[in-house]
Amino acid sequence: QAAAKEVRRVWNMGGDPISNALELLEDKHIKVLEINAGDAFDGMQTWVNGKNIPVIAINRNRVKKDDRVRFTVMHELGHLILPINKDLPENKKENLCHQFAGAMLFPEDAVRMELGSARHRLYIQELGPLKQQYGISIQAIVMRLRDLKIITDSYCRQFFFYLNQMNWKIEEPVDYIGVEKSNRFEQLLFRALAEEQISMSKAASLKNQKVAEFNKDKNLYDNLN
């Protein structure tokens, strides 16, 4: 909770919803990659170039919906920056990063403003719009409420039992529709190309394309010359 508040403060985010989590991380010089890597994990993270560049990978075989993408990258950000004791059991490390991700996507002040400081009952009809506004799943919202002691552990379990009965644990009744895509790589690539810092063939190579294919796709280089 405190770590998420500090990150939001340092990044000048205030308490507003994050419109594009991938773009945010790229803007903060955290590289985000999308991979297809079986079903063993949702995401992973590491440091490269002598621990100077943080990298987060999202496994698109498992993480398909945008609200899960957002939660996954914030979870992996937690692994990168939280001072977690290496001797902690793995489940406790994961729980800390879950809490961090929830706090990044749905800050405490926003939670209390939207839902109050003590609740005895929740309705899907009020949680659905919050999922759409903040880009965080209904299940993660309920966990936020439990972590902030707005609802009890007992009610949290009851609510998850209800979700399970309704077959909503995998497919929630409301979808988050957002734009979780980073354009920073492409923007930097075309900037380097425009300023003649890289060649056409190098730009095509960086996009994993042949020169002819790259030139056809971008469809503007000739208009600028």
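The following paragraphs examine the structure supplied in this document. (Residues numbered from 1 in each chain as written. Predicted model: local features only at pLDDT ≥ 70, side-chain atom pairs only at ≥ 80, totals over all residues. Heavy atoms only, no water.)

A separate point is the sheet that holds strand β1 (residues 31-35). Sheet architecture is open: three strands sit in the order β1-β3-β2, paired in mixed fashion. Edge strands, defined here as strands with exactly one partner in the open sheet, are β1 and β2 (43-48). The average angle at which neighbouring strand axes cross in this sheet is 25 degrees, direction not considered. Note: β1 against strand β3 (residues 53-59), five bridges, orientation parallel. Looking at β3, one finds that E34 is bridged to I58. Packed onto the sheet, helix α3 (residues 66-81) meets β1, β2 and β3 and runs at close to 40 degrees relative to β2. (Pairing = 2+ DSSP bridges. Helix = DSSP H or I, 4+ residues; strand = E, 2+ residues; numbered from the N terminus. Axes fitted to C-alpha atoms, helices over the stretch in contact; angles between N-to-C directions. Contact = heavy atoms within 4.5 Å.)

Here helix α7 (residues 138-147) crosses helix α8 (residues 153-165) at 170 degrees, and the two axes come no closer than 9 Å. Classified by the angle their axes make, α7 and α8 are roughly antiparallel. From α7, I138, Q139, V142, M143 and R146 reach across to α8, where they touch D153, C156, F159, F160 and L163. Counted by class, the contact of α7 with α8 contains seven nonpolar, one polar and two charged residues. (Parallel < 35°, antiparallel > 145°, perpendicular 65-115°, else oblique. Nonpolar A, V, L, I, M, F, W, Y, C, P; charged D, E, K, R; others polar.)

As a further point, take the side chain of D67. Along the chain, D67 turns up in helix α3. In this structure D67 touches K131, G135, S137 and Y176, once residues within four positions along its chain are discounted.

Tallied over the full model, the rule gives four aromatic pairs. Centroid distance Y155 to F159: 6.2 Å. Interplanar angle 50 degrees. Geometry classified as tilted. In this pair, Y155 and F159 are both assigned in helix α8, four residues apart and thus about one turn of the helix distant. For the pair Y155 and F159, a shared accessibility class is recorded, and that class is buried. (Phe/Tyr/Trp six-rings, centres within 6.5 Å; stacked < 30°, edge-to-face > 60°. Buried < 20%, exposed > 50% of the residue type's maximum accessible area, 1.4 Å probe, protein only.)

Let us now look at the environment of R121. Looking at where R121 falls in the secondary structure, it is placed in the loop between α5 (108-115) and α6 (124-134). Using a relative accessible area of 53% as the deciding quantity, one classes R121 as exposed. In this structure, R121 is in contact with E126 and Y155, ignoring residues within four places of it in sequence.

Another point: the packing of α6 against α7. Packing of α6 against α7 brings their axes to within 9 Å, and their N-to-C directions diverge by 105 degrees. Put simply, α6 runs roughly perpendicular to α7. Taken together, the residues of α7 that come into contact with α6 (itself represented by I124, L127, G128, L130 and K131) are I138, I141 and V142. Of the residues contributing to the contact of α6 with α7, the split by class is six nonpolar, one polar and one charged.

Nothing here speaks to function; it is geometry throughout.
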